[in-house]
Amino acid sequence: MISSHPIPRLVALAFFMLLGGAALVFVSDHESSRSQTLFAQQPAPANAPQTWEYEGVASCAGCHEKPSAIYERTGATKFVALTESHTWLETDKHAKAVELIDPAKNPLAKAMCDKLQIADIHAAKECLSCHANWQYDKRTDQWAERPKFHEFGVSCESCHGAASSWLKPHTDPQWRKLTPQAKGELGFVEVRNPEARAKQCLACHVGDAAQHKVVTHEMYAAGHPPLPGVELETFANAMPPHWRHIHEKPQFEFRGDFIRANPSATAGRELYKSRAALISTVVAMQTSLSLVGDQTDDATRLPDFATFDCYACHHDLQSPSWRQARQVVGSPGRPRPAVWPTTLVEAAIAFAHQDPSAAATATEQWRTALAQYQAAFSAQPFGDPAKISEARKVLGALLDSILLDIQKSPADQAAIERAYAKLVAPSETQALDFDAARQIAWALNILAADLGRPLPQTLADKLHLALPATQAKSIPDDLPLRMKAMSAYDPKTFREALHSLNK
Amino acid sequence: MRIFRNILLAAMLCGVSVVVALAVAPLVAQPVANAPPDMPLEEIDPPPQHVQALGARSCASTACHGSVHPDPRARGANSTFIRRDEYIVWTDHDPHARSLRTLESEPSRQMLAALGIQDNAGKIVDQRGFNNCLNCHATQIRGETPNQIAYESINCEACHGPAQAWRDTHYRAGWSKESAAQQGFIDNTNLTARSQACAKCHVGAADREVNHDLIAAGHPALKFEMAAYHELLPKHWNDAQERAATKNFERELWTAGQVACQRQALDLLAARALRQSSSQAAKQSVVAPAWPEFAEYDCFACHHALSEKGWYSSQAGKLNALPAWSPWYFPNDEATPELTELRAKMVHMPRIADAGLLAAVQAARDSLAAKTLPLAGQEQALAAAQWDRSVQAYLRLAAEFRARQDAARFDKAVWPEAATVKAKLLELRQLLAFPTGFDSPAAWPSQDRLAELIAALTAELLPAEAAP
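Note that the structure is predicted; figures quoted are calculated from it, not measured.

1. Remarks on the confidence of the model for chain A
Residues and elements named next belong to chain A. Across chain A, the average pLDDT comes to 88, with 89% of residues at or above 70. At the low end of the mean pLDDT range in chain A sits helix α1 (residues 9–39), at 41; at the high end sits helix α19 (residues 345–352), at 98. Taken as a whole, residues 1–37 scores under 50 in pLDDT and shows 28 contacts with residues more than four places along the chain or in a different chain. In the predicted structure, residues 40–46 sits below a pLDDT of 50 and forms eight contacts with residues beyond four places in sequence or in another chain.

See the structure below:
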């Protein structure tokens, strides 16, 4: 009876011991009516809360810090290691996200606060929206109360969702049977699904104006390190991961149910990393599109400069230089959006299509739509708002269909081969700046690992591919190295290096 | 742009680096091949009555301005003779004589293609855009038959006025300044007129401008300072006589240049802004109307490589998130409220060039006409680590230095400190010069030393303006 009981087994056990059988019957009757609704995957009631409360890291750490002997024996650790909050707290840089911006602890933060005239960093919503997930709701134009334990920075609920409604149910093994949609109705974010994960990460790592998660040009000018291009699988692997993929877990209770309920999280089987990388890149482009849209929709106001590719303007003037040699769409000298989110999309298309002619059609559609988008930016300085809006619609719909195509197609060796081939042979007109080159190199590392090939490490040093992830590495210390690599970057050499991989 | 730099040296479309490199040093004129200007012919119908220019050859007879050697009597401060080899100085030494060649060069072809002015087959597909080039790189002259026009490089008439009405009169007795003006002759002995003639192209105007599109396509940014460019120009007139006859020639030239450039720069800004607010102006524009016009701004506000200790962000404690409206022509705009107001409007890069902005430009222009000229800029150069301001301060000091040299030469004034001042000027120039391989101040080595030098040289050369 207990094993199928909806409330956590340990709690049930306690009740059983304390209150005896009669009390148990009462409790179970009461709980089962609620849990049946939950676990029968029926739609949430209309009055379900739209916002969820933060419970704080302490409410996670009770279980996820260290597996207890009891959890070992119940088999819970087969499904979840129960070391997650420990990994996060001890090694993951996200746990230091607030400490990093505290003027008392970081000289760069001090300089930034001085320049931006921020008197109290713990009240700076526009900083803490990313550095501690202080939430803003665009619909109500309201900031939520600051998250509990915000001094822990980007913590469990920043990514997994505020836990007030799912904290209790998620401790039951029955939870594994639920679909991501049912969990989502309780505020749980299904980060196992690469698409959902990418949306969650990129809201900060690219930006989301609707949530006030935007690094503005003022912040950059005050000293915020430039947000690098993100190849999400590489970034996730460097965090380091506090999770295991389904294929890395031993047999656990309700495994079959879990796989049936979570097709997106389990697709690709052991080749899931390549698939996740390519899905993430499409989401990165989508995120970039909507951020740009939020900035350029208003024709009367200038977009924030941070909307554009930093390096379109910020470079020393040198000649001859690759900048003058490259092909530009439209008028030279007009700021354009960042290039890197576009870089891997053709590989994602190749991955999604077994049929070469379907792939060719989809690629052509993408190139046309992208060219229109870029032309909208060169139509006038800072772009023509109406043309950008039109081009965004076309591009957005196209990216949606690319995601669907990836979901429909098998993520097998052949699909990865197609994507790999695309990456090592970029078209002559494809823009390859430093961040774009890093996207390709990172993605190649992921794909090559899945293909069982030696990693093409030749590029690693020149592109400074190693990330300053984990608490052992400092972003301010790493930044000069990244900048140096960027200044020395030459797309011609990079193309040649790719060409040698193509043989 | 290394190729470009060579062309630049020859073409005297001096990038600032060239000015900085040579303005103090005695001029070493770059020899220019002795080639007659190219004359691409264009048939037009009806006959081009409006073209009054006759071409450089009409000046070049041996007895007039085409003598192979200068007239020996035209030497020295007291001579009133003309050289008679003006045409030869121009063809052999003056980069203006090659302005059309520059336009026909490979880098120019690439620029024309990038700007969509010329197609891959070499056909001009945007005549208006090409006219923008021709208006500075060429002089339109009469062709050999009545219905032909031709193009010549920047020739005699580009600066002295089209000669149809005065070619046959200007050497006769009784030809006065008044009749000259009536016949379209430009009196370049007047330094204001001279500066205006130069500024029209070297700063730009509504029908001839180097905007950011052109710069991004490869054209050097225009940063003109009259006295420095004048120093570099191979003189086809008796320079010593002019200097001796004009009290404080260099200072007058510098002042006339500043005034002409400021007016020209504001007129250009007005034209650029008007194109955005008036569809009529946009339709007539020679360049693709673009607003905000990035060429109005300090190049290096944006064009600096990002680094956490870069020279641009090294201005401690200051937030520098907005590009400055270029202080090149207005190094001391704080002295004029109208200019301060205009700068405040420009710094936000207004998306719309509205009536308020146009009014601010007009007010600033009027304030210049009212002769409250904001010419000094030494203190501002010290206060702001802006390359534009610092270089303008340097160029002014260099002009003052030459004025002192002239005084020593013509008035026999004793100036024992000349050598030490020159050494300091050279050091300042060295500090401001772009590092090898760069066209921007990729490093900003020592602001302290920079400020020290500007202050010391100001005290020496401009005692009235030296900071207390």
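Next comes the rest of the write-up.
2. Comments concerning the packing of helix α23 (residues 434–451) of chain A against helix α26 (residues 491–501) of chain A
Residue and element names in this part refer to chain A. Between α23 and α26, the shortest axis-to-axis distance is 11 Å and the interhelical angle comes to 25°. It follows from the interaxial angle that α23 and α26 lie roughly parallel. Every pair of crossing elements has a handedness; the one defined by α23 and α26 is left-handed. On α26, the residues that touch Ala437, Ile440 and Leu444 of α23 are Phe494, Leu498 and Leu501.

3. Observations concerning the domain arrangement of chain A
Residues and elements named next belong to chain A. Under the domain assignment, chain A is made up of domain 1 (1–25 + 55–189) and domain 2 (269–502). Using only C-alpha atoms to locate each centre, domain 1 and domain 2 end up separated by 33 Å. Approximately 570 Å² of surface area, both sides summed, lies buried where domain 1 meets domain 2, with 50% of it carried by carbon and sulfur atoms. Applying the counting criterion to the domain 1 and domain 2 interface returns one salt bridge. Taking the shortest distance from any N to any O, the salt bridge between Lys138 and Asp294 comes out at 4.0 Å. Inspection of the domain 1/domain 2 interface yields six residue pairs in polar contact (both at pLDDT 80 or more). When residues in the side of domain 1 that touches domain 2 are grouped by element, the largest group, four residues, is from helix α5 (residues 84–91).

4. Looking at the pattern of salt bridges
Residues and elements named next belong to chain A. In the structure shown here, the tally under the stated rule is 38 salt bridges over all chains. Here Glu346 makes a salt bridge to Lys422, at a shortest N to O gap of 3.9 Å. Residue Glu346 is found in helix α19, and its partner Lys422 is found in helix α22 (residues 413–424); the two are separated by 76 residues along the sequence. Glu346 sits in the buried class, given a relative accessible area of 11%. Residue Lys422 is classed as partly exposed on the basis of its relative accessible area of 28%.

Calculation criteria
- Residues numbered from 1 in each chain as written.
- Chains lettered and ligands numbered in written order.
- Predicted model: local features only at pLDDT ≥ 70, side-chain atom pairs only at ≥ 80, totals over all residues.
- Heavy atoms only, no water.
- pLDDT = per-residue confidence, 0-100.
- Helix = DSSP H or I, 4+ residues; strand = E, 2+ residues; numbered from the N terminus.
- Contact = heavy atoms within 4.5 Å.
- Axes fitted to C-alpha atoms, helices over the stretch in contact; angles between N-to-C directions.
- Parallel < 35°, antiparallel > 145°, perpendicular 65-115°, else oblique.
- Left-handed = near helix turned anticlockwise from the far one by under 90°.
- Domains from an automatic or database assignment.
- Buried area = accessible area lost by both parts, 1.4 Å probe.
- Salt bridge = Lys/Arg side-chain N within 4 Å of Asp/Glu carboxyl O.
- Polar contact = N/O pair within 3.5 Å; in protein donor to acceptor, adjacent residues only side chain to side chain.
- Buried < 20%, exposed > 50% of the residue type's maximum accessible area, 1.4 Å probe, protein only.

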